[in-house]
Amino acid sequence: MSRYKNIMTLDEFTIQQLRLFPHATGELSGLLRGIGLAAKQVNHEVNRAGIADILGAAGAVNVQGEEVQKLDVYANNVFIEVLRSGINCAGIVSEENEEAVIFDDTRSNASKYILLMDPIDGSGNIDINISIGSIFSVYRRLSPIGQPATLEDFLQKGIKQVAAGYVIYGSSTMLVYATRRGVNGFTLDNSIGEFYLSHPGLKIPARGKFYSFDNCYYNQVAPEIRRYVDYCMSVEENKTGPYSNRYYGCMVADTHRNLLKGGIFFYPAVAGKPDGKLRLCYECNPMAFITEVAGGKATNGRERILDIQPRHIHQRSPLFIGSEEMMEEVHQFMK
Ligand code: P6P
């Protein structure tokens, strides 16, 4: 029985969900529990970062040309090794690896799922003790079961996701994941190392009072987006007042706040970044899946994120994501 009366743990919840589908093999439930285990291990290091000498840049530079923080390296290794030693994943694409990591062992090749991830999103926040996150996306593989996963497995449209989720390492640590059945949030009880179902059936409010945009790009975006930012800050009769600008430098944290309180996050094309900054396959797609299941919307300014056919695993995409009514507003400016 759970420590908290009538509140399920992540493991109990995934098993309950499995029982709802008699024909389910339990692989997805097992994969999600593996992700939960990796998240607990990463969380332990996040909490020790200041004393575990993993602060500061690792000196390496990742495939994106960004200085890799030591925690990025640690988290990447944890997720890969936990899932490689499991029996429910055939391979991983990670922001930290130029190529797909194909596990290619008998058990892994027999798995029907593959995973894409950003092991630490917002790593620039590590040294200043501000929220960071991990993002993951799960697909059913296209390649034959029993064979090694292929690159094609990782280049599916976001609408094909079986599950997607994130971990936010904030004032508390939460794991939030969506399947087509809904979005559920689990808060970690550090004292016993269990995630508890604290936010069942999350739905994003139709509108909120927050907009997340890095105002340093105000003069580097298309005029219509500048006009939308002006609208966000305006005191216009058709709004309840200016929207508050909240921008944490971690898309997981901004999107999580908007999921709970309502709001919009956007990272459009800016000067020097014609496709924006965020990665389609392991940042935009999973967060778009979660947001849509919760009742929100996510586009690249023109088309639905989940309908975009990825061309390569690290491609970028402009991103507008959040409350339905606020997304309709921004699209009025984009027409
Ligand atoms: P900028 C973090 O590096 C990230 O990928 C997102 O989590 C965050 O929203 C964005 O980049 C911040 O980028 O250019 O505003 O510093």
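Residues numbered from 1 in each chain as written. Predicted model: local features only at pLDDT ≥ 70, side-chain atom pairs only at ≥ 80, totals over all residues. Heavy atoms only, no water.

Considerations on the overall build of the chain
A count of helical and extended segments in the chain gives nine helices and 15 strands. Relative to the globule expectation of 20 Å for 335 residues, the C-alpha radius of gyration of the chain, 19 Å, shows essentially globular dimensions. For the C-alpha atoms alone, the extent of the chain along its principal axes is close to 60 × 45 × 45 Å. Counting over 335 residues, the chain shows a buried share of 56%. In the chain, the proportion of contacts linking residues at least 24 apart, taken out of those at least 6 apart, comes to 64%. (Helix = DSSP H or I, 4+ residues; strand = E, 2+ residues; numbered from the N terminus. Rg over C-alpha atoms; globule rule 2.2 N^0.38 Å. Buried < 20%, exposed > 50% of the residue type's maximum accessible area, 1.4 Å probe, protein only. Contact = heavy atoms within 4.5 Å.)

Some thoughts on helix H9 (residues 324-334)
One full turn of an α-helix is made of 3.6 residues, so residues set three or four places apart face in the same direction. When H9 is considered as a whole, its buried residues turn out to be Met326, Met327, Glu329, Val330 and His331. Contacts made by the buried residues of H9 are with strand E11 (210-212), helix H6 (223-233), strand E13 (264-267), strand E14 (297-299) and strand E15 (319-322).

A few points about the pairing of strand E3 (residues 91-94)
Neither face of E3 is open: one carries Gly91 and Val93, the other Ile92 and Ser94, and all of them are buried. Pairing of E3 with strand E4 (residues 101-102) involves two bridges; the strand directions are antiparallel. Pairing of Gly91 across the sheet is with Ile102, part of E4. Hairpin connection from E3 to E4: six residues lie between these consecutive antiparallel strands. (Pairing = 2+ DSSP bridges.)

What to know about the domain arrangement of the chain
Here the domain parsing of the chain yields domain 1 (10-199) and domain 2 (210-334). Using C-alpha coordinates to define each centre, domain 1 is positioned 23 Å away from domain 2. The junction of domain 1 with domain 2 conceals about 2,800 Å² of combined surface from both sides, 67% of it contributed by carbon and sulfur atoms. Three residues stand out in domain 1 for area buried against domain 2, namely Leu155, Lys157 and Tyr166, and they jointly supply 21% of the buried area on that side. The closest approach of N and O atoms between Arg279 and Glu95, which form a salt bridge, is 3.9 Å. Inspection of the domain 1/domain 2 interface yields 10 residue pairs in polar contact (both at pLDDT 80 or more). Those elements giving two or more residues to the side of domain 1 that touches domain 2 turn out to be E3, strand E5 (113-121), strand E6 (132-140), helix H5 (151-154), strand E7 (161-169), strand E8 (173-179) and strand E9 (182-189). (Domains from an automatic or database assignment. Buried area = accessible area lost by both parts, 1.4 Å probe. Salt bridge = Lys/Arg side-chain N within 4 Å of Asp/Glu carboxyl O. Polar contact = N/O pair within 3.5 Å; in protein donor to acceptor, adjacent residues only side chain to side chain.)

Observations concerning the site of the ligand
Close to the ligand lie 14 residues; Asp121, Tyr217, Tyr247, Met251 and Tyr267 are nearest. A distance of 2.7 Å separates an oxygen atom of the ligand from a polar atom in the side chain of Asp121. When isolated, the ligand has an accessible area of 400 Å², and the protein chains bury 81% of it. A per-class count over the shell around the ligand returns seven nonpolar, two polar and five charged. (Near = heavy atom within 4 Å. Areas by Shrake-Rupley, 256 points an atom, 1.4 Å probe, with all protein chains shown as cover. Nonpolar A, V, L, I, M, F, W, Y, C, P; charged D, E, K, R; others polar.)

Description of the sheet that holds E14
On the basis of which strands lie adjacent, the open sheet formed by five strands has the order E12-E11-E13-E15-E14 and mixed pairing. The open sheet terminates on both sides in strands that have one partner only, identified here as strand E12 (244-245) and E14. Judged from the two bridges that link them, E11 and E13 form a sheet pairing that is parallel. Bridge pairing in E13 places Ser212 opposite Phe265. Against the sheet, helix H7 (residues 251-261) contacts E11, E13 and E15, and its axis sits at roughly 160° relative to E11. The sheet contacts of helix H8 (residues 280-293) involve E14 and E15, and relative to E15 the element is tilted by about 30°. (Axes fitted to C-alpha atoms, helices over the stretch in contact; angles between N-to-C directions.)

With respect to the side chain of Glu329
Within the secondary structure, Glu329 is located in helix H9. Among the polar contacts made by the side chain of Glu329, one reaches the side chain of Arg207 at a distance of 2.7 Å. If sequence neighbours within four positions are ignored, Glu329 has contacts with Arg207, Tyr228, Tyr231 and Tyr243.

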